[in-house]
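What follows is each chain in one-letter form.
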Amino acid sequence: MTLHEKLSSGKFVITAEIAPPRGTEWKKVIEEIEPLRGRVDAFNVTDCQRSMLRMSSIAMSKILLDSGFEPILQLTCRDRNRIALQSELLGAAALGIRNVCLMTGDFTTLGDVPQAKPVFDLDSVQLIKSVSDMNRGKLINGKDLDEPTSFTIGAVFNPFAGPKRLQVWKLEKKIRAGAVFIQTQPVYDVKTAREVAETIKDLGGKAIIGLLPIRSVRMANFMEKLNPGSVPTDLRRAVEKAENPAEYGWKYTIDLAKAISEFADGIHFMLVGKIEELADFITYLRNNHGRNE
Amino acid sequence: MVTVKLKPIEEILKYLKKEWNVGIVGCEIGSSRCKNGGLREAKKLAEVLALNGYTVAFISSPGGTCILERLKKNILRDIEEKCDVVVSLACGAGTQVLAENLDIPVITGVDTLFIGAETDSYTFKEYCIACGNCIISSTGGICPVARCPKSLLNGPCGGAINGRCEVDSSMPCIWYVIEKRMEELETIASLKLPQPPADHSKFIHPRELKVED
Ligand code: SF4
Ligand code: SF4
C-alpha cells in the first residue's frame, strides 16, 4: 500500500527522515535504511535541512524510488523562486515522486553557506496552494498543464512555536490550501502529542507526530532550547540519572510511540539511529495495532 | 531616512593618491543624522587624511546630496576647480549623482545600509524595504515584508520561539508584534485569510518615479 492509500483508508502510518549525502555517495544512505524496508511507509528526504548544503532532495528521492522505497520529497521556499519550485515539481512528478512535504524552510544564515541569497519568493501556504492548483491542472501563472499532477501534499507544524493562535491559523491555512498530512516537530510527552493530534485532526489534516529519541543530557538541553517547553522536566531528570542515557531515551520514545499510536494518524521518526531496533519496534507495533498492516 | 556606515579608513585610502587634492562631501540629511557622514564626520575624515599625508582641498555637506539641482547651485563648480578626487559620505544615491556630474573620480567612504526608522535616539531600524506594494494597512500598520527576514505574509514560521526571531534572537519575531497590535485594534481575525504571493514585478530595480505637475 502506498502512503496515499494508507492515509486515505485511515491506516496508521510510519515515516522516517533521511538526509541526502554531503556528496554523491548515495549507496550508504540506502544500505543504512535497508532494515526498514517494508516497515517504514515512506521516507522524508530533507532539502538541505538547517540550510546545510547537501545533494538535491529530488535526486535522492528518485534514488529511493529506484531502490524500492517510497519517498516524501521535502521542498523549501528558501532556495527557489516560484518558477524553479514549479519546474522542479513537474520534474519530480515525471520521475514518479508522488509525496511532497512543503515548508518555508530555515533561514540561510543558520546554515553552512550563510552568504547565499535567501529567496522566500513564496511561503509555505502559497506553495501548498500552488501545488494543489497543479493537481487541478493549473500552473501558478494560470496556464494549463498538459496533465494534472497527483501529489499527496504534506506540511509541517511546530507545536512549540508562537504566537500560538497565529501558528494554528497558519496550520489551518495550510490544510485549507491542500495539505493532507501534517508532520510535527518532535514531541516528548503524551499530553502534548494528544493536543497536537486533536488540533490537526479538527482542522481536517492527518496528524503524523514527530519523534526524535533523546540520546544524552546534552541533547535534552539542546531540544529544550530549540523548542522551549518540549522536553518535560521528568524526562530530563531521568536522562540525567540514567546509566545509559541513549538506551533510556530510546525506550522512552518507544513507549511514547505506542501511546501515540492510539490516537494519531502516524508517527514520524526524525532520526533513524538504531535502525535494527526501530525495525523490530515497527514490527511489534504492526502486530499489535489494528490500523497498520 | 537612508542610513550609512563609514568604511574603515584603509578601505578609503586604497583609492586615493597622495599627490591628489581631495574633496570630501557628506550629506546633512541621512548621513549626518546617523553620525556617519555629515559635516562633523567629513571634518574628522579630513583630519585623518591630513595625518596620513593627504591634501584635503574642499569639505562640504549639502542638505540632500542626492538632489542634483542643489549640487549644481552650490558645490559642483567649486569641487571641479579645487579637487582631483571626491570622497563622498552621502548614501549610494547621492554618491552616484556626484559621480555622474563630475569629471574627476568619486569614491565612497560609506556603506549604505537601509531605510531606517529612528525609534530610539540614534538607533536606526529597518522598517521598510520599499517593496512598491505596501500591505501594512492589513497588518496593523506593522510590516512583515521588511521586518520578517523571510517576508512571510501568512503568519509566523516554525522558528518563532518565545517572541524571538529564529534568524537573530536579539530581534523580536515581528508576528508577535503584529498580533498584539491587531488584537488591540480588534482586527486580528483578518489574519485568518490566506494571502496570495507577492507581486515581485513591482520590486524590480532600478525603479523611477516621475512627478507630474
Ligand atoms: S509593505 Fe513594508 S516594505 Fe513594502 S512598502 Fe510597505 S512598509 Fe515598505
Ligand atoms: S521567527 Fe518570525 S520574524 Fe523571524 S523569520 Fe520566522 S516568522 Fe519571520
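Model, not experiment: these values are computed from the prediction.

Conventions and cut-offs
- Residues numbered from 1 in each chain as written.
- Chains lettered and ligands numbered in written order.
- Predicted model: local features only at pLDDT ≥ 70, side-chain atom pairs only at ≥ 80, totals over all residues.
- Heavy atoms only, no water.
- Near = heavy atom within 4 Å.
- Nonpolar A, V, L, I, M, F, W, Y, C, P; charged D, E, K, R; others polar.
- Contact = heavy atoms within 4.5 Å.
- Salt bridge = Lys/Arg side-chain N within 4 Å of Asp/Glu carboxyl O.
- Polar contact = N/O pair within 3.5 Å; in protein donor to acceptor, adjacent residues only side chain to side chain.
- Helix = DSSP H or I, 4+ residues; strand = E, 2+ residues; numbered from the N terminus.
- Buried < 20%, exposed > 50% of the residue type's maximum accessible area, 1.4 Å probe, protein only.
- pLDDT = per-residue confidence, 0-100.
- Domains from an automatic or database assignment.
- Arc of directions from axis to C-beta.

Asker: Even after reading the chapter, I still don't get the site of ligand 2, so can you show me in this structure?
Answerer: Looking at ligand 2, the residues that line it are Cys148, Pro149, Lys150, Leu152, Pro156, Cys157, Ala160, Cys165, Glu166, Cys173, Ile174 and Trp175 of chain B. Within the shell around ligand 2, the residues separate by chemical class into ten nonpolar, no polar and two charged.

Asker: I keep staring at the interface of chain B and chain A and nothing clicks. Help me out?
Answerer: Quite often, the size of an interface is put as the accessible area lost when its parts meet. Contacts between chain B and chain A engage 29 residues on the former and 27 residues on the latter. At the surface where chain B touches chain A, the tally comes to two salt bridges. Salt-bridge contacts for Glu183 of chain B lead to Arg165 of chain A; the nearest nitrogen and oxygen are separated by 2.4 Å. Our count for the chain B to chain A interface comes out at 18 residue pairs in polar contact (both at pLDDT 80 or more). The residue inventory of the side of chain B that touches chain A, partitioned by class, reads 18 nonpolar, six polar and five charged.

Asker: Explain the pattern of salt bridges to me, please; I cannot follow it from the model alone.
Answerer: When the charged atoms of two side chains lie near each other, side chains of opposite charge can form a pair. Residue and element names in this part refer to chain A. Summed over all chains, the structure comprises 26 salt bridges over all chains. Between Asp47 and Arg80 there is a salt bridge, and its shortest N-O distance comes to 3.1 Å. With Asp47 in the loop between β2 (42-45) and α3 (57-66) and Arg80 in the loop between β3 (71-76) and α4 (82-94), the pair connects residues that are 33 residues apart, well separated along the chain. Given a relative accessible area of 4%, Asp47 falls into the buried group. Of the residues examined, Arg80 reaches a relative accessible area of 12% and is grouped as buried. Salt bridges sharing partners connect three or more residues here, namely Asp47, Arg80 and Glu88.

Asker: In this structure, what is going on with the confidence of the model for chain B? I would like to understand it.
Answerer: Residues shown with low pLDDT carry predicted positions that ought not to be read at fine detail. Summarising the model, chain B shows a mean pLDDT of 96, and 100% of its residues fall at 70 or more. As a predicted assembly, this complex carries a pTM of 0.94 together with an ipTM value of 0.94.

Asker: Is there a simple way to think about the side chain of Ser31 of chain B in this case?
Answerer: Residues and elements named next belong to chain B. Positionally, Ser31 belongs in helix α2 (residues 30-33). The exposure class assigned to Ser31 is buried, which follows from its relative accessible area of 2%. Not counting the four nearest positions on each side in its chain, Ser31 is found in contact with Val2, Val4, Asn36, Gly37, Gly38, Glu41, Leu89, Ala90 and Cys91.

Asker: Would you mind going over the domain arrangement of chain B with me for this structure?
Answerer: Domain annotation of chain B identifies domain 1 (2-113) and domain 2 (133-195). Put simply, the middle of domain 1 of chain B and the middle of domain 2 of chain B, counted by C-alpha atoms, are 39 Å apart.

Asker: What should I look at first to understand the site of ligand 1 in this one?
Answerer: Around ligand 1, the structure places Cys128, Ile129, Ala130, Cys131, Cys134, Ile135, Ile136, Cys143 and Val145 of chain B. Taken together, the residues of the shell around ligand 1 sort by class into nine nonpolar, no polar and no charged.

Asker: Would you take a moment to explain helix α8 (residues 217-226) of chain A for this structure?
Answerer: Think of an α-helix as turning once every 3.6 residues; residues three or four places apart then point the same way. Residue and element names in this part refer to chain A. Every buried residue of α8 is listed here: Met219, Ala220, Met223 and Glu224. The arc that holds the buried residues of α8, viewed along the axis, is 135 degrees, so those residues lie on one side. Exposed and facing more than 90 degrees away from the buried side of α8 are Arg218 and Lys225. Elements in contact with the buried residues of α8: β6 (181-186) and α9 (233-241).

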